[in-house]
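# Structural description and commentary
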Amino acid sequence: MDARKDIRKISDSDLKAWMQTRGEKAFRLAQIQDWLWKKWAASFSEMANLPASLREALDSDFQIRKLSVSEFQKSADGTIKVAFRLFDGNLVEGVLIPSGERMTACISSQVGCSLTCKFCATGYMDRKRNLDAAEIFDQAREIAAIAEKEYNLPLTNIVMMGMGEPLLNYANVLEGINRITDPMGMGWSPKRITLSTAGIAKMIVKLADDGVKFNLALSLHAADDEKRNRIMPINESNTLDAIKEALRYFYQKTKNQVTFEYIAFAGFNESLEDATKLSKFTRSTGIPVKINIIEYNPIAEADFMNADPQRLDAFKAKLESDKLIVNIRRSRGKDIDAACGQLANKSNS
Ligand code: SF4
C-alpha cells in the first residue's frame, strides 16, 4: 500500500507549513489548490505551472487518491447508477437523475450506514467507514462529467441522499460541500445542494449554528413516533418533537429551504389518517416546508410494498386541501436498483 499521504486529506495550513519548510513561494499554494480542486488533476505531473522540482517533491511526499468509476448502469428511464471504487477497495454508489433540463446527482456520505432503517437496502449493510471530503467532492465531479458526456447538459442539483447518514459524518460532509461551493472547487451555489438526514436533532441545530447555506431534507416517512420507531430506529432517540424543534431553529437561523421526504408504503403510512397526521405535523413546525411523496421500490431484505397510485393521489389531495406544497416523486431507475432506498452495491456483490 502506498504510504504517501493523500494531499487532499491534509489541511491547507499543513500544506502551507510543508511549503514553508521547503522555502517555496507562498503563491504556489494557491496554484496547487487550483490544480487539486478546480482543475481536478489526477497527478502532480499535470501541474504544468509548477517548477519540476516542486512537482517531484510533491510526488515523493504525497499522492492524489481519486475514486474511480467501477461500474456504470443506465436505466430504461435514463437514470444512471455509478459504483465508485475507493482507494481501499470499498464501493459506494451515486446516481444521476435526468429530468428534462434538470440533472440531479445523488451522492453518498458513508460506506454503508449504521442507522438500520427497515426499508432501505443500505441499512442492511454495516457501516464500514465515513467518506472523506475529497471522496464526496469526487462523486459530484464524476457525475457532473457523466451528465455532460451522456446528456450534453450541466449538472443542476446535488442531493446528499445516497448511502449513509451525512450528519454522522459531519465534518467531512461540510468540507466536501465547501469544496463543491468554493470558487476554487466547483463554484456551485449552495442553494442547489440539499443534505438529506434521517433526523439527528442536535446535528440539525449544529448546521444552523454553523450557518450553512444549503437546503435540508428530512426523511420523515411517518408522522407519528410509534410508526416511525418501527421503520427508523433513530427515531427512538430523536423523537418527532425533538426534530421539530431542531428544524424550527434551523429555519429561523438560516432561512434555508426545508423539505420532508415521505416514502409511501402500501398499508403502512399512506391512508388518509396518515395524511392528516403528516399535515398536522408539518403545520405544527410553523415553518414553510415542501413535502415530497416518494414512490417506494421494494427491496429483497424487507416486506414493504409500494403504494397504490390512486391512494397516493388521494393522500396528496388531502395535504393540498390543507394548503401544503406537495409533489409526488415517481420512482426512477428502479430496474437498475438506483431508486431511493435501493443503493447497496448489489451489482458488485
Ligand atoms: S435511509 Fe439513509 S439513514 Fe436510513 S439506513 Fe438508509 S442510508 Fe442509512
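Residues numbered from 1 in each chain as written. Predicted model: local features only at pLDDT ≥ 70, side-chain atom pairs only at ≥ 80, totals over all residues.

### Regarding the overall build of the protein chain
When you go through the protein chain residue by residue, the secondary structure sums to ten helices and 14 strands. Taking 20 Å as the expected radius of gyration for a compact globule of 349 residues, we find that the protein chain reaches 21 Å, a close match to that expectation. Sorting the 349 residues of the protein chain into buried and exposed places 44% on the buried side. (Helix = DSSP H or I, 4+ residues; strand = E, 2+ residues; numbered from the N terminus. Rg over C-alpha atoms; globule rule 2.2 N^0.38 Å. Buried ≥ 20, exposed ≤ 12 C-beta atoms within 10 Å, placed from the backbone.)

### A closer look at the domain arrangement of the protein chain
Accessible area lost on assembly of the parts is the figure often given for the size of an interface. When the domains of the protein chain are assigned, the result is domain 1 (5–63) and domain 2 (68–348). Listed as interface residues are seven residues of domain 1 and, on the opposing side, seven residues of domain 2. Class assignment of the residues belonging to the side of domain 1 that touches domain 2 gives a composition of two nonpolar, one polar and four charged. (Domains from an automatic or database assignment. Contact = placed C-beta atoms within 7 Å. Nonpolar A, V, L, I, M, F, W, Y, C, P; charged D, E, K, R; others polar.)

### Things to note about the sheet that holds strand S13 (residues 289–295)
Ordered in space as S3-S4-S5-S6-S9-S10-S11-S12-S13-S14, the ten strands form an open sheet in which the pairing is mixed. Strands at the two margins of the open sheet, each flanked by one partner only, are strand S3 (68–74) and strand S14 (325–329). The average angle at which neighbouring strand axes cross in this sheet is 20°, direction not considered. (Pairing = 2+ DSSP bridges. Axes fitted to C-alpha atoms, helices over the stretch in contact; angles between N-to-C directions.)

### As for helix H5 (residues 170–181)
Look at H5: 16 Å from first C-alpha to last across twelve residues, which is about the 16 Å you get at 1.5 Å a residue. Every buried residue of H5 is listed here: Val 173, Leu 174, Gly 176, Ile 177, Arg 179 and Ile 180. As for H5, its buried residues are in contact with helix H2 (27–38), helix H4 (133–151), strand S9 (157–160) and strand S10 (193–197). (Expected span 1.5 Å × (residues − 1).)

### Examining the nonpolar core
A general trend in soluble globular proteins is that nonpolar side chains are found buried together. Grouped together as the largest cluster of nonpolar side chains are 91 residues, with contacts concentrated most on Leu 96, Ala 105, Ile 143 and Tyr 262. When near neighbours in sequence (up to four residues on either side) are disregarded, Leu 96 contacts Thr 79, Ile 80, Met 103, Ala 105, Ile 143, Ile 146 and Ala 147. Among the nonpolar cores identified, the runner-up in size contains nine residues, and Ile 32, Phe 44, Met 47 and Leu 58 belong to it. (Core = buried A, V, L, I, M, F, W, Y, C linked by C-beta atoms within 7 Å.)

### Overview of the packing of helix H8 (residues 240–254) against helix H9 (residues 272–285)
Contact geometry of H8 with H9 gives a least axis separation of 9 Å together with a crossing angle of 40°. Judged by the inter-axis angle, H8 sits oblique to H9. Considering only the axes of H8 and H9, their crossing is right-handed. Contacts from Leu 240, Lys 244, Leu 247 and Arg 248 in H8 reach Phe 281, Ser 284 and Thr 285 in H9. Split by residue class, the contact of H8 with H9 holds three nonpolar, two polar and two charged. (Parallel < 35°, antiparallel > 145°, perpendicular 65-115°, else oblique. Left-handed = near helix turned anticlockwise from the far one by under 90°.)

### A closer look at the site of the ligand
Taken together, the residues surrounding the ligand are Cys 113, Leu 115, Thr 116, Cys 117, Cys 120, Thr 122, Gly 123, Met 163, Gly 164, Glu 165, Ala 198 and Ser 219. A class-by-class count of the residues in the shell around the ligand yields six nonpolar, five polar and one charged. (Near = placed C-beta within 6 Å.)

### A short note on the packing of helix H6 (residues 201–209) against H8
For any two helices packed against each other, the geometry comes down to the angle between their axes and how far apart the axes lie. One can describe the packing of H6 onto H8 by two numbers: an axis separation of 8 Å at closest approach and a directional angle of 5°. If you check the angle between H6 and H8, you find them roughly parallel. Counted together, Ala 201, Ile 204, Val 205, Leu 207 and Ala 208 of H6 and Ala 242, Ile 243, Glu 245, Ala 246, Leu 247, Tyr 249, Phe 250, Lys 253 and Thr 254 of H8 form the full contact between these two elements.

### So, the environment of Asp 225
By secondary structure assignment, the location of Asp 225 is in helix H7 (residues 225–231). You can call Asp 225 partly exposed: it has 13 C-beta atoms within 10 Å. Sequence-wise, Asp 225 and Leu 240 are 15 residues apart; in three dimensions their C-alpha atoms are separated by 6.3 Å. Apart from residues no more than four positions distant in its own chain, Asp 225 is found in contact with Asn 235, Thr 239 and Leu 240.

### Considering the pairing of S13
As paired strands, strand S12 (residues 258–264) and S13 are joined by seven bridges and run parallel to one another. Looking at the pairing, Tyr 262 lines up with Ile 293 of S13. Running through H9, the crossover from S12 to the neighbouring parallel element S13 is right-handed. Note: S13 against S14, five bridges, orientation parallel. Paired with Ile 294 across the two strands is Arg 329, which belongs to S14. In this region the chain leaves S13, passes through helix H10 (residues 309–321) and returns to the parallel neighbour S14; the handedness of that crossover is right-handed. (Right-handed = clockwise from strand over helix to strand, strands pointing away.)

### So, unusual backbone geometry
Positive phi is not limited to glycine here, since Asn 152 has a value of about 55°. Here Asn 152 shows up in the loop between H4 and S9.

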